[in-house]
Amino acid sequence: MNIAFFLLPKQEVTCVTSDSTLRQTLERMEYHRFTAVPILNKEGKYIGTVTEGDLLWYMKNAEGKITFENASKFLLKEVPLRLDIKPVSINANMEDLINLAKVQNFVPVVDDMERFIGIVRRSQIIEYCEGIVAKESMKAK
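Attention here is on the structure that accompanies the text. Note that the structure is a prediction, hence the values are computed from the model and not measured.

1. Quick word on the pairing of strand E7 (residues 116-121)
Right, so step 1: Where strand E1 (residues 8-9) lies against E7, 2 bridges are found, and the strand directions are antiparallel. Following the sheet pairing, Pro9 is matched in E7 by Gly118.
Right, so step 2: The pairing of strand E6 (residues 106-110) with E7 spans 5 bridges and is antiparallel. Paired with Pro108 across the two strands is Ile119, which belongs to E7.
Right, so step 3: As consecutive antiparallel partners, E6 and E7 are separated by 5 residues, and within that stretch Glu114 has a phi angle of approximately 70 degrees, a positive value.

See the structure below:
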């Protein structure tokens, strides 16, 4: 099985850039109802994943200096990321993908030049496995 089989391509993934403001990031996450989104640099390389918690803790630790009204003055690249959401290469084996999916809701996928090309959602892997289990139970009957 190839990782590309599970890939949700970049153009269908909600991403932000490291130069996005906190307000842009919050609004994009709210609009799409996501709790985490990949961060890309100007060259399209994956540099991390920002979560609602990262934004919340950053605002809390700013001790009242950041409000929603002035959040457009603060850049995402200033926000420390608590989780190290690792990407997988499109050429990696399925075992690598599954090991990351066990601890991440989605796995960012990069090409040979480390450019972001999409994600694999954990739910897609589970649905695929569910199909295999269902076929096996039908054979057993």
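The rest of the description comes next.
2. Let's talk about the pattern of salt bridges
Right, so step 1: By the definition in use, this model includes 7 salt bridges.
Right, so step 2: Here Asp19 makes a salt bridge to Lys42, at a shortest N to O gap of 3.6 Å. You can see Asp19 sitting in the loop between strand E2 (16-17) and helix H1 (22-32) and its partner Lys42 sitting in the loop between strand E3 (36-40) and strand E4 (46-51), a full 23 residues away along the chain.
Right, so step 3: Of the residues examined, Asp19 reaches a relative accessible area of 29% and is grouped as partly exposed.
Right, so step 4: Of the residues examined, Lys42 reaches a relative accessible area of 72% and is grouped as exposed.

3. Brief notes about the packing of aromatic side chains
Any two aromatic rings considered together are summarised by their centre-to-centre distance and by the angle between their planes.
Right, so step 1: Using the criterion set out here, one finds 4 aromatic pairs in the structure.
Right, so step 2: Aromatic side chains Phe5 and Tyr128 sit 5.7 Å apart centroid to centroid with 70 degrees between the ring planes, which places their arrangement in the edge-to-face category. Taken together, the residues Phe5 in the segment before E1 and Tyr128 in helix H4 (residues 122-140) connect sequence positions 123 residues apart.
Right, so step 3: On the basis of relative accessibility, which here comes to 54%, the residue Phe5 falls in the exposed class.
Right, so step 4: Residue classification places Tyr128 among the partly exposed positions, given a relative accessible area of 31%.
Right, so step 5: With 6.4 Å between their ring centres and 25 degrees between their planes, Tyr46 and Phe116 make a pair best called stacked. Here Tyr46 is found in strand E4, whereas its partner Phe116 is found in strand E7, with 70 residues between them in sequence. For the pair shown, Tyr46 and Phe116 are each scored as buried.
Right, so step 6: These aromatic residues form a ring-pair network of at least three members: Phe5, Phe6 and Tyr128.

4. Some thoughts on the side chain of Thr21
Right, so step 1: One can find Thr21 in the loop between E2 and H1.
Right, so step 2: In this structure Thr21 comes out as buried when scored by relative accessible area, which is 11%.
Right, so step 3: Other than its neighbours up to four places away in sequence, Thr21 contacts Ala71, Ser72, Phe74, Leu75 and Leu76.

5. Side note on unusual backbone geometry
A negative phi holds for most residues other than glycine; trans holds for most peptide bonds.
Right, so step 1: Positive phi, close to 60 degrees, is recorded for Arg33, a residue that is not glycine.
Right, so step 2: The residue Arg33 is located in the loop between H1 and E3 in this model.
Right, so step 3: Judged by its relative accessible area of 73%, Arg33 falls in the exposed class.

Here is what the cut-offs are and how they apply
- Residues numbered from 1 in each chain as written.
- Predicted model: local features only at pLDDT ≥ 70, side-chain atom pairs only at ≥ 80, totals over all residues.
- Heavy atoms only, no water.
- Pairing = 2+ DSSP bridges.
- Helix = DSSP H or I, 4+ residues; strand = E, 2+ residues; numbered from the N terminus.
- Salt bridge = Lys/Arg side-chain N within 4 Å of Asp/Glu carboxyl O.
- Buried < 20%, exposed > 50% of the residue type's maximum accessible area, 1.4 Å probe, protein only.
- Phe/Tyr/Trp six-rings, centres within 6.5 Å; stacked < 30°, edge-to-face > 60°.
- Contact = heavy atoms within 4.5 Å.

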